[in-house]
Amino acid sequence: MALLDIKGVTRRFGEFTAVDNVSLSVEAGEFFTLLGPSGCGKTTLLRMIAGFDLPDAGSVLLDGEDLAHRPPEARPVRTVFQSYALFPHMTVEGNVAFPLQMAKVPPRDRPQRIAAALEDVRLTGYDKRFPHELSGGQKQRVAVARALVTHPAVLLLDEPLAALDAKLREELQIELINLQKEVGIAFVYVTHDQTEALALSHRIAVMNHGRVEQLDVPSRIYGFPNSRFVADFIGQCNLYSGQVVARDGTIVAIDVPSLGPVRVATRSEPALGSSGTIALRPEQIRIAAGAPADAPGNHYRGTVADLLYMGDVTVYKVETSGGSRIEALLANSQGGGAKFFEVGDQVEMSWPVDAGHFIAG
Ligand SMILES: Nc1ncnc2c1ncn2[C@@H]1O[C@H](COP(=O)(O)OP(=O)(O)OP(=O)(O)O)[C@@H](O)[C@H]1O
Ligand SMILES: [Mg+2]
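Since this is a predicted model, take the numbers as computed values, not measurements.

## Considerations on the sheet that holds strand β14 (residues 275-280)
In space, the five strands of this open sheet follow the order β13-β12-β11-β14-β20, with antiparallel pairing throughout. At either margin of the open sheet sits one strand with a lone partner, and together these are β13 (260-265) and β20 (357-360). Strand-to-strand, the axes of this sheet are offset by a mean angle of 45 degrees, without reference to chain direction. When strand β12 (residues 251-256) meets β13, the two strands line up antiparallel, connected through six bridges. Opposite D255, over in β13, you have P261 as the bridge partner.

## Here's the deal with the site of ligand 1
Close to ligand 1 lie F13, A18, G36, S38, G39, C40, G41, K42, T43, T44 and H192, which account for all nearby residues. No other element matches the three residues that helix α1 (residues 42-50) contributes to the shell around ligand 1.

## A look at unusual backbone geometry
With a phi close to 55 degrees, K104 is a non-glycine residue in the positive phi region. You can see K104 is positioned in the loop between α2 (92-102) and α3 (110-120). The exposure class of K104 is exposed, given the 7 C-beta atoms found within 10 Å. Even without glycine at this site, E159 takes up a positive phi of about 45 degrees. Among the structural elements, E159 can be located in the loop between β7 (154-158) and α5 (166-183). Judged by the 19 C-beta atoms lying within 10 Å of it, E159 is partly exposed.

## A short note on the domain arrangement of the protein
How big an interface is tends to be stated in terms of accessible area lost as the parts join. Taken domain by domain, the protein holds domain 1 (4-232) and domain 2 (236-360). Computed from C-alpha atoms alone, the centre-to-centre distance between domain 1 and domain 2 is 38 Å. In this complex, domain 1 contributes eight residues to the contact, which on the side of domain 2 involves six residues. Among the elements that line the side of domain 1 that touches domain 2, the one with the most residues is helix α8 (residues 228-233), at three residues. In terms of residue class, the side of domain 1 that touches domain 2 is made up of three nonpolar, three polar and two charged.

## Let's talk about the environment of F187
Residue placement: F187 occurs in strand β8 (residues 186-191). Dropping the residues within four chain positions of it, F187 is found in contact with F31, F32, L155, L157 and Q180.

## Topic: the pairing of strand β4 (residues 57-62)
One ladder, built from five bridges, connects strand β1 (residues 4-13) with β4; its direction is antiparallel. What sits directly across from K7, in β4, is S59. Relative to strand β5 (residues 65-66), β4 is paired through two bridges, and the arrangement is antiparallel. Residue pairing for β5: L62 is matched across the bridge by E65. The hairpin turn running from β4 into β5, its antiparallel successor, is two residues long, and D63 in that turn takes a positive phi close to 50 degrees.

## Notes on the environment of L272
With respect to the helices, strands and loops of the structure, L272 is situated in the loop between β13 and β14. For L272, a count of 11 C-beta atoms within 10 Å corresponds to the exposed category. Discounting chain neighbours no more than four positions away, the residues touching L272 are V244 and R247.

How each quantity is defined
- Residues numbered from 1 in each chain as written.
- Chains lettered and ligands numbered in written order.
- Predicted model: local features only at pLDDT ≥ 70, side-chain atom pairs only at ≥ 80, totals over all residues.
- Pairing = 2+ DSSP bridges.
- Helix = DSSP H or I, 4+ residues; strand = E, 2+ residues; numbered from the N terminus.
- Axes fitted to C-alpha atoms, helices over the stretch in contact; angles between N-to-C directions.
- Near = placed C-beta within 6 Å.
- Buried ≥ 20, exposed ≤ 12 C-beta atoms within 10 Å, placed from the backbone.
- Domains from an automatic or database assignment.
- Contact = placed C-beta atoms within 7 Å.
- Nonpolar A, V, L, I, M, F, W, Y, C, P; charged D, E, K, R; others polar.

Here's what the structure looks like:
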């Protein structure tokens, strides 16, 4: 049995459906992420797990028990907010002690629990400081310690790193991964940042318009998106749509206007004449000055229209003679014979049939 079971949960605000019949389950010890664009219903769903809000339909179960009649403080669930929500007039110790007081943990047991929670987030020795004497990252750690100190079954984190700069965010991402492993508590993590979701999670639910579009492990979400939305939302992706014009075993050809037939391997069996989309990651495309020596499944010639040097990699936007745009990514670590292209250069792009991923519809 899953630890947390969300069954057909719906939440409406007037005519608007913010969370639309969502079902998913989170296992004990899992790092589970709700990922989606702003307004897709992530916070609303989290609030219903925490008990700050109630579903209009469906149920939230923990260890098989329906939580509908349990107020937030009676649920073994704690939340870390983006804004940290620390009490400004209380020290770090006071902040972390607060949930223990609420839970009526005997005073003699508190110091040890507080010390353990602060050690978990590497803040030993900071107990007498006030929030205004802490950095953003430290405040965030206090918020996590405060949430962990009562040993909840599930920790909810709503964009906890969104307010921090990129470098610190990366540091805290690694800390969160380690912390979650150490404490073994299930995390339900909310973010709209796809790289963060891919880096942190055991599984990801990609949400759009209040629904779960895809639920899977990060590598499958990235490599096998099941819709145009997921493909586009998770990192850069070339998306080519058209009609299925040929099928030969597991390989289908899609006639993409402005590009011509594109071949892709798929286990699904789309009917001839049906429509489909090929999702192709920029790093799967080979880009070279000369024609490829082998016979790749797909081969196009084009002109570099734009390039974006990003240090470790360069993204090339190449225009084909038919007017199609193909985005290709080249690692700049490819030393030796690597040739770096300029805007206006003629290039050859190729990719094997198993590089792209076919999405029906
Ligand atoms: N109390 C409310 N009353 C009316 N509409 C609401 C209420 N709370 C949320 N909404 C609407 O529900 C939708 C989902 O909101 P929610 O806060 O869950 O989005 P989100 O995915 O967390 O977005 P973000 O990434 O911006 O935080 C939004 O369109 C929002 O305006
Ligand atoms: Mg939100």
